[in-house]
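Below are the chains, spelled out letter by letter.
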Amino acid sequence: ATRSTVGFDLTGARAQVAAFRGRMGEARRLYAETVAGATAQGYRQIASGYAALAALTEALYGYDTEAIAQARTVLQTGPPNEPRLRAATALALAGAVDEAEPVIRRLRQVRPQDTLLHTAYLPVAEAALLIGSGVRSRISTGAGGAPDHPTVPAGVRSRISDLRDRADGAVEQLRPAAGHERGI
């Protein structure tokens with residue numbers, strides 16, 4: 001593990017670059033070093049952030065088993081809200097929607113004045129729920145008439161519309177990762 005306070009952040013940046021280039025073996029090693037370095041220096045919140053990012057990276061590359069295991073580990077440490085949402089995003093994308101949904105539901109009303117939480121982390125987590133559960137396609141098409149049916153209360157239709165817009169934006173943000181091949 002790295003010893004300087006800047007060192008683990010640089011190692012974390014290198015992990016992100018390795019993942020972006022599809023070199024998941026290297027990214028895993030570097031993320032593990034980053035988490036260990038931050039933890040060793042007493043930066044547990046930063047360590048949980050990198051651990052959640054590692055889990056999300058696994059999910060984005062389709063390594064569902066690894067993503068779920070890492071996300072569960074992150075959530076067991078009682079991390080701050082941002083890593084918690086990132087871990088929930090990883091769970092949802094990896095197919096563990098039933099585990100992700102309660103985490104996201106609890107954080108919808110937390111710190112409403114926190115712009116970053118509610119405009120960056122939460123919309124992506126909500127979109128991951130939709131993607132993971134396959135609801136996005138049903139919402140977009142109105143399949144079965146459920147979301148657009150006149151008997152659905154206006155407030156629910158409004159929430160669905162908001163989620164659809166947020167999901168579309170998040171999908172566009174996640175789309176570049178889908179083009180990368182799986183690395184080793």
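Residues numbered from 1 in each chain as written. Predicted model: local features only at pLDDT ≥ 70, side-chain atom pairs only at ≥ 80, totals over all residues. Heavy atoms only, no water.

This part is about the overall build of the protein chain. From N to C terminus, the protein chain includes nine helices and zero strands. Put simply, the protein chain runs from its N terminus to its C terminus through helices and strands in the order α-α-α-α-α-α-α-α-α. Within the protein chain, buried positions represent 43% of all 184 residues. Pairs at least 24 residues apart make up 59% of the contacts formed inside the protein chain by residues separated by at least 6 positions. (Helix = DSSP H or I, 4+ residues; strand = E, 2+ residues; numbered from the N terminus. Buried < 20%, exposed > 50% of the residue type's maximum accessible area, 1.4 Å probe, protein only. Contact = heavy atoms within 4.5 Å.)

Taken as a whole and assessed by the stated rule, the structure comprises one aromatic pair. Both rings, one in F8 and one in Y43, keep their centres 5.5 Å apart while their planes meet at 50 degrees; by these two values the pair is tilted. Taken together, the residues span a long stretch of sequence, with F8 in helix α1 (residues 7-20) and Y43 in the loop between α2 (24-40) and α3 (44-60) at a distance of 35 residues. R28 extends its terminal NZ or CZ atom over the ring of Y63, reaching a point 4.6 Å from the ring centre. (Phe/Tyr/Trp six-rings, centres within 6.5 Å; stacked < 30°, edge-to-face > 60°. Lys NZ or Arg CZ within 6 Å of the ring centre and 35° of its normal.)

A general feature of soluble globular proteins is that nonpolar side chains tend to end up buried together. Grouped together as the largest cluster of nonpolar side chains are 29 residues, with contacts concentrated most on A71, L85, A90, L91, A100, I104 and L129. Elements represented by at least two residues in this core include exactly α3, α4 (64-76), α5 (81-93), α6 (97-107) and α7 (115-133). Non-local contacts of A90, meaning those with residues more than four positions away in its chain, are made with A55, L56, A59 and A71. In this structure, A27, A38, Y50 and L53 belong to the second largest nonpolar core, which totals 15 residues. (Core = buried A, V, L, I, M, F, W, Y, C linked by side-chain atoms within 4.5 Å.)

What follows covers α1. Helix length check: α1 (14 residues) gives 20 Å between terminal C-alpha atoms against 20 Å at 1.5 Å per residue, within 8%. Every buried residue of α1 is listed here: G7, F8, T11, G12, A15, A18 and A19. Projected down its long axis, α1 shows its buried positions confined to an angular sector of 135 degrees, all on one face. Counted as exposed and oriented over 90 degrees from the buried face of α1: L10 and F20. Following α1 by one or two positions, G22 has its phi on the positive side, about 85 degrees. (Expected span 1.5 Å × (residues − 1). Arc of directions from axis to C-beta.)

With 13 residues, α5 should cover 18 Å at 1.5 Å per step; its first-to-last C-alpha distance of 18 Å lies within 8% of that length. For α5, the buried fraction is high: 11 of the 13 residues fall into the buried class. Every buried residue of α5 is accounted for by N81, E82, P83, R84, L85, A87, A88, T89, A90, L91 and A92. Of the surrounding elements, those touching the buried residues of α5 are α3, α4, α6 and α7. At the exit of α5 stands G95, carrying a positive phi of roughly 100 degrees.

Our focus in this paragraph is the packing of α5 against α7. Running from N to C, α5 and α7 cross one another at 20 degrees; their axes reach a closest spacing of 8 Å. Judged on the interaxial angle alone, α7 and α5 are roughly parallel. By crossing handedness, the relation of α5 to α7 is classed as left-handed. Contacts between α5 and α7 involve N81, E82, L85, R86, T89, A92 and L93 from the first element and L117, Y121, L122, V124, A125, A128, L129, I131 and G132 from the second. The residue inventory of the contact of α5 with α7, partitioned by class, reads 11 nonpolar, three polar and two charged. (Axes fitted to C-alpha atoms, helices over the stretch in contact; angles between N-to-C directions. Parallel < 35°, antiparallel > 145°, perpendicular 65-115°, else oblique. Left-handed = near helix turned anticlockwise from the far one by under 90°. Nonpolar A, V, L, I, M, F, W, Y, C, P; charged D, E, K, R; others polar.)

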